[in-house]
Amino acid sequence: MMNEDEVNDLIHRWRNTPEDDLNPEDYQQFKNLGSTCLTQGDSAQLLKFLQNEKNQGVVKSMGCVLIAPLVNEVVKKEKRERESLDHCQAAITHLTRTCNLNELLHSLLQLIEDIDPGAISETILAVAPHVQTVLLQLDDRKAVGVGLALTALQKQLSRLPVPYTHQQEEADELGVCRCYSALSVFTKPFIEEVKSRNGNYPVSTEDEELRTELLKFCMRSLREPLLEAELNRNRKSALWLFATEIMITLPAIHESLSELLFFSPLKKSTHTDDSQSVESKACLAYLLFVQLINIDSFPAVFSPEFVLQCNMEYINQLLSSKKESHLLKGLALYEKSLENVQDSSLPVTLQELRSFYNVPQNLRLLLTDCPMKHLRESGLQVFQLFINKLDAEAKHKFFRCMLKTSNHAGVESHIVKSIRRQAEISMEPGNANKWFLGEEFLSLLGLVFCLPQGAETDLLNSMDRIMECLNLLRYLFIRDKELRSNTDVWEELCRIKDEYLKMLRVCISISRGYYSAELKALREDQKLKAKEARDAARSTRLVQSIKVKHEKVSNMSPEVQHQVLQSALVTFDLMESLIVRIEEIAEEKQKILN
């Protein structure tokens, strides 16, 4: 610990030493003296020293080493000592106007890189304005500096969880929302600088580099936090306002939204990961078409079919995610992209595109595997909307694909129900088509009326599909007139009906026998346990203890088992009654013809 005379001697030596002759020990001693002042609460004395005219040479040479101690002190004192905080802020401001700019930028970037994980937002809020001050003074390599600073700031912010609910965003306990608001302020002068280059002047390499760095910033922001955030145009939250800033920035830096989304992939320098690029553009499409942010700047010349086709890649990216925020945005973008497309207009050729195959498959997985009910319900609505937009041939091909690949009775039942609806439409005057009335329809019915496991089919798991199949069959025989116009089609339909119902009767018989036996065994087991319980009441505790150890425990209570088994038998009765009714209708129609 040096006394006052030693400190004065040291300062005097520094004043008279050329910058090139200062050694690492001098820099460390200078930093130690400044840190000691702050530790002892002498921030006013430190500020006075830094502002002293006699010390400007020393400050210019070595002042950068005080940036980290001063910022850390600001972060610590933010909520406590106002006067000391002001002294530290004034000291940092003085350093940013006095020290070597490149060294200052290096010190500030190093400070950001070394942020204490427990003080990320506080440090960013404290340091961002000073980084901006330094960058605005740079003439050469400003774009590089802006890029480095934005990357470093966003990297640190990415370590914090994005507020998802309205309550989390309002509370903003970790300061994430405040930091992104600060980033908007940080980038404004650089955006204005690029914006001012409106084509009247030749664009320099530096200008183009700055534009590229701002584009990178926007695309990273779209991926995080905006893709993770819950955004609602009816609630102008902090992250909504940040999203608006990003959507305004892109055209301001001469980046066409339509070109960015639909025509030109991002330059390789913008992203190293293609999937991240697609995620960013997926969020951009969501903000544009769902939230309608800056939609006025988007050309109205693109057809709904073209917009849908281009957006399918982004929808696929979102629906292939496991995150709720991504899935919600994917479903919303899918729905909005479909809404303006005319019903029954999408041709079968679109299904040759990979995205038009992948998106419905991802949607199918959401319907069958997603544990969140509201997502499954929304997914089913969008699934049906997509079906509505396909033309007859495309619907036929799509139904075939789903019946072959879904392996889920619920999805298959919905497909069978849709097939019935299309058959009904085809039977209306002027709507006849081979896909749901003629020979092509038979190939589809061959997939509908089949039991892949034959007599061993689990009727309970397949119940939804089988009931829809029986309802479809009943409908077709009620509306036999349209189908009988083609003798070959009608005869093949009758053959399909006979084979399907025959196999189904066998399945029902086997299943009824199995479940009846299970129900009988359960009842006998319950009687036996009731008798054992009465006997046990009269037995010694020792005997009772031995019997408990050997008792077989079921996963279901006997009451629930009884209910399930009884329900299964009722279901088989219902299926059989439908089979009987279909055969009665077929016999009645045959008598009329004879």
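Details of the structure are given in the entry above.
Residues numbered from 1 in each chain as written. Predicted model: local features only at pLDDT ≥ 70, side-chain atom pairs only at ≥ 80, totals over all residues. Heavy atoms only, no water.

Visitor: Sorry if this is basic, but what is going on with the side chain of Thr-98 here?
Guide: Residue placement: Thr-98 occurs in helix α6 (residues 82–98). Take Thr-98: its relative accessible area is 17%, and that puts it in the buried class. Looking at Thr-98, its side chain comes within polar contact range of the main-chain oxygen of His-94, at 2.7 Å. (Helix = DSSP H or I, 4+ residues; strand = E, 2+ residues; numbered from the N terminus. Buried < 20%, exposed > 50% of the residue type's maximum accessible area, 1.4 Å probe, protein only. Polar contact = N/O pair within 3.5 Å; in protein donor to acceptor, adjacent residues only side chain to side chain.)

Visitor: Looking at this model, I keep getting lost on the packing of aromatic side chains. Mind explaining?
Guide: How two aromatic rings sit relative to each other is given by the distance of their centres and the angle of their planes. Tallied over the full model, the rule gives 25 aromatic pairs. Plain terms: the ring middles of Phe-302 and Phe-306 are 5.5 Å apart, the flat faces sit at 20° to each other, and that makes the pair stacked. Take Phe-306: its relative accessible area is 28%, and that puts it in the partly exposed class. Pairing Tyr-514 with Tyr-515 gives two aromatic rings, centres 5.2 Å apart and planes at 85°, and the pair type is edge-to-face. Judged by its relative accessible area of 15%, Tyr-515 is buried. Among the aromatic residues, ring-to-ring pairing joins Tyr-334, Phe-383, Phe-386, Phe-398, Phe-399, Phe-436 and Phe-441 into one connected group. Above the face of the Tyr-286 ring, Lys-329 is positioned so that its terminal group lies 5.3 Å from the ring centre. (Phe/Tyr/Trp six-rings, centres within 6.5 Å; stacked < 30°, edge-to-face > 60°. Lys NZ or Arg CZ within 6 Å of the ring centre and 35° of its normal.)

Visitor: Honestly, the nonpolar core in this entry has me stumped. Any pointers?
Guide: Buried together is how nonpolar side chains tend to be arranged in soluble globular proteins. Core analysis: the biggest nonpolar cluster contains 183 residues, and Leu-287, Tyr-334, Ile-415, Leu-470, Leu-476 and Tyr-500 have the highest contact counts within it. In terms of residues, this core owes the most to one element, helix α25 (residues 487–537), which gives 12 residues. (Core = buried A, V, L, I, M, F, W, Y, C linked by side-chain atoms within 4.5 Å.)

Visitor: Help me out: how do you make sense of the side chain of Glu-279 in this one?
Guide: Looking at where Glu-279 falls in the secondary structure, it is placed in helix α15 (residues 274–289). For the buried residue Glu-279, which engages in no salt bridge, the nearest side chain bearing the opposite charge is Arg-223, 4.4 Å off. Those residues within four positions of Glu-279 in sequence are excluded, and the remaining contacts are Arg-223, Leu-227, Gln-317 and His-326. (Lys, Arg positive; Asp, Glu negative; His and termini not counted. Salt bridge = Lys/Arg side-chain N within 4 Å of Asp/Glu carboxyl O. Contact = heavy atoms within 4.5 Å.)

Visitor: Would you take a moment to explain empty space enclosed by the protein for this structure?
Guide: A probe as big as a water molecule, rolled over the atoms, marks out the empty space that is left. Summed over the entire model, instances satisfying the criterion amount to one cavity of 30 Å³ or more. The wall of the largest cavity is formed by Ser-184, Thr-187, Ile-191, Phe-217, Phe-242, Glu-245, Ile-246 and Thr-249. Counting residues per element, the ones that place at least two in the lining of the largest cavity are α11 (176–195) and α13 (238–252). The element contributing the most residues to the lining of the largest cavity is α13, with four residues. Here the lining of the largest cavity is built from residues that sort into four nonpolar, three polar and one charged. (1 Å grid on protein atoms, 1.4 Å probe; cavity = no way out; pocket = protein on both sides within 12 Å on 5 of 7 lines; lining within 4 Å. Points joined across faces, edges and corners; volume = space filled by probe spheres on them. Nonpolar A, V, L, I, M, F, W, Y, C, P; charged D, E, K, R; others polar.)

Visitor: What should I look at first to understand helix α23 (residues 463–478) in this one?
Guide: The α-helix advances 3.6 residues per turn, and as a result positions three or four apart in sequence lie on the same side. With 16 residues, α23 should reach 22 Å at 1.5 Å per residue; the first-to-last C-alpha distance of 23 Å fits that figure. Among the 16 residues that make up α23, 12 are buried, leaving the element largely enclosed by the rest of the structure. Along α23, the positions that sit buried rather than exposed are Arg-465, Ile-466, Met-467, Glu-468, Cys-469, Leu-470, Asn-471, Leu-472, Leu-473, Tyr-475, Leu-476 and Phe-477. (Expected span 1.5 Å × (residues − 1).)

Visitor: What's the story with the pattern of salt bridges in this structure? I'm lost.
Guide: For side chains bearing opposite charge, pairing can occur when the charged atoms are close. Scanning the entire structure with this criterion turns up 26 salt bridges. Across the pair Arg-581 and Glu-588 runs a salt bridge, and its minimum N-O distance is 3.8 Å. With relative accessibility at 35%, the residue Arg-581 sits in the partly exposed group. With relative accessibility at 42%, the residue Glu-588 sits in the partly exposed group. If you follow the salt bridges from partner to partner, you end up with Arg-505, Arg-512, Asp-573, Glu-576 and Glu-583 in one network.

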